[in-house]
Amino acid sequence: MSDRTQWLQEVIHALEELGGQATLVDIYNKVEDRNKIDLSSYIDWKAQIRKHIYLNSSDTDIFKGRVGDDTDLFYSIEGKGKGIWGLRAFVPKGNNVDLTEDDLGFIEGKKKLRQHIYRERNPKVIKMAKEKFKQEHNGILFCEICGFDFYETYGEVGEDFIEGHHTIPVSELEEGQVTKVEDIAIVCSNCHRMLHRKRPWLTKGELKRLVGKK
């Protein structure tokens, strides 16, 4: 295995073990913990990790391939310079996916939840939903229900921050059904919690009426 292939595979394995997305610091730590490469033989082994991510992501300026081809392996979670990366081909597994409220609502048995995790828990869906929302609203992310804008309130620390809510509960997923971008609601943390406050879940329209947003 060539040096390039070895580093590339190591970054992929590290991201897989980290749940498909992680900060550069977490990737460094995971590679170090895995101890599959003799890091002492490199002057700056962390630079190797960054280089192989950047060379294989269409979100960087040094990417030489085409968007979506087999060299476009990684994507930037929060934009260039944020240091948070995701693995495009990540396949969620029961032991490497953190469950959210959306997953835990209406669980009808472990088999149903497992099917949901394998089909739905891909960070690309939320990322695509956010990008689509920004394109439709002049690059701004705000809560679809109450209008809250994290950037407007918190400044730089709140830039590009928002949560994605799966509008279809686990119990309503049909066999083979795949989550679409349209199934994701863009919401603030408070509204996300309130959507889960009742059983069955409140809809966007119901919560809008509660907060006076007709």
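Quick caveat, the model's predicted, so the values are computed rather than measured.

Colleague: Residues and numbers for the overall build of the protein, please.
Modeller: Each helix and strand counted, the protein has nine helices and five strands in total. In sequence order, the protein lays out its α and β elements as α-β-α-α-β-β-α-α-α-α-β-β-α-α. Split into buried and exposed, the 214 residues of the protein put 39% on the buried side. Roughly 12600 Å² of accessible area belongs to the protein as shown, and the carbon and sulfur atoms make up 49% of that amount.

Colleague: A description of the packing of aromatic side chains should follow, citing residues and the corresponding values.
Modeller: Here the structure, examined in full by the defined rule, presents eight aromatic pairs. A centroid spacing of 5.0 Å and a plane angle of 70° characterise the contact between Phe133 and Phe142, whose relative ring orientation is edge-to-face. Under the relative-accessibility criterion, Phe133 is labelled buried at 7%. Among the aromatic residues, ring-to-ring pairing joins Phe148, Phe150, Tyr154 and Phe161 into one connected group.

Colleague: Please provide a residue-by-residue account of the layout of surface pockets, values included.
Modeller: As a volume, the second largest pocket reaches approximately 160 Å³. For the second largest pocket, the full set of lining residues is Ala129, Lys132, Phe133, Glu136, Glu144, Thr167, Val181, Glu182, Ile184, Ile186 and Lys204. It is helix α6 (residues 123–136) that contributes the most residues to the lining of the second largest pocket, four residues altogether. Looking at the lining of the second largest pocket, its residues break down into five nonpolar, one polar and five charged.

Colleague: I'd like to hear about the sheet that holds strand β2 (residues 74–76), residue by residue, with values.
Modeller: Whenever strands of a sheet pair, they do so through backbone hydrogen bonds, lying parallel or antiparallel. If you trace the three strands from one edge of the open sheet to the other, you get β1-β3-β2, paired in antiparallel fashion. Each having just a single partner strand, β1 (21–23) and β2 make up the two edges of the open sheet. In this sheet, neighbouring strand axes are inclined to one another by 30° on average, regardless of whether the strands run parallel or antiparallel. Two elements, β2 and strand β3 (residues 84–87), share three bridges in a ladder whose sense is antiparallel. Note that in β3 the partner of Phe74 across the bridge is Leu87. Across the sheet, helix α2 (residues 24–34) is in contact with β1 and β3; its angle to β1 comes to roughly 100°.

Colleague: Run through the environment of Leu24, naming residues and quoting values.
Modeller: Along the chain, Leu24 turns up in helix α2. The exposure class of Leu24 is buried, given its relative accessible area of 11%. In the structure, Leu24 is positioned 26 residues away from Arg50 in sequence and 7.9 Å away in space, judged by C-alpha atoms. When neighbours within four sequence positions are excluded, Leu24 is seen to be in contact with Arg50, Ile53, Tyr54, Gly83 and Trp85.

Colleague: Could you give an account of unusual backbone geometry, naming the residues involved and the relevant values?
Modeller: If you check the backbone angles, Asn138 has positive phi at about 55° while not being a glycine. Relative to the assigned elements, Asn138 resides in the loop between α6 and α7 (150–154). The class for Asn138 is exposed, based on a relative accessible area of 78%. Residue Asp160 is not a glycine yet carries a positive backbone phi of 65°. With respect to the helices, strands and loops of the structure, Asp160 is situated in the loop between α7 and β4 (163–166). Residue Asp160 is classed as partly exposed on the basis of its relative accessible area of 28%.

Colleague: Which residues make up α2, and what values go with them?
Modeller: All buried positions along α2 are accounted for by Leu24, Ile27, Tyr28, Val31 and Arg34. The buried side chains of α2 occupy one side of the element, clustering within an arc of 135° when seen end-on. Exposed residues on α2 whose side chains face more than 90 degrees from its buried face are Val25 and Asp33.

Colleague: Quick rundown of the pattern of salt bridges? Include the residues and the values.
Modeller: Tallied over the full model, the rule gives nine salt bridges. Across the pair Lys30 and Glu17 runs a salt bridge whose closest N-O atoms are separated by 3.7 Å. Of this pair, Lys30 sits in helix α2 while Glu17 sits in helix α1 (residues 3–17), and the two are 13 residues apart along the sequence. Asp59 serves as the salt-bridge partner of Arg88, at 3.9 Å between the closest nitrogen and oxygen. Taken as a pair, Arg88 in the loop between β3 and α4 (101–104) and Asp59 in the loop between α3 (45–54) and β2 lie far apart in primary sequence, 29 residues in all. The network of salt bridges with shared partners includes Glu10, Glu17, Lys30 and Arg34.

What counts as what
Residues numbered from 1 in each chain as written. Predicted model: local features only at pLDDT ≥ 70, side-chain atom pairs only at ≥ 80, totals over all residues. Heavy atoms only, no water. Helix = DSSP H or I, 4+ residues; strand = E, 2+ residues; numbered from the N terminus. Buried < 20%, exposed > 50% of the residue type's maximum accessible area, 1.4 Å probe, protein only. Areas by Shrake-Rupley, 256 points an atom, 1.4 Å probe, with all protein chains shown as cover. Phe/Tyr/Trp six-rings, centres within 6.5 Å; stacked < 30°, edge-to-face > 60°. 1 Å grid on protein atoms, 1.4 Å probe; cavity = no way out; pocket = protein on both sides within 12 Å on 5 of 7 lines; lining within 4 Å. Points joined across faces, edges and corners; volume = space filled by probe spheres on them. Nonpolar A, V, L, I, M, F, W, Y, C, P; charged D, E, K, R; others polar. Pairing = 2+ DSSP bridges. Axes fitted to C-alpha atoms, helices over the stretch in contact; angles between N-to-C directions. Contact = heavy atoms within 4.5 Å. Arc of directions from axis to C-beta. Salt bridge = Lys/Arg side-chain N within 4 Å of Asp/Glu carboxyl O.

By themselves these figures say nothing about function.
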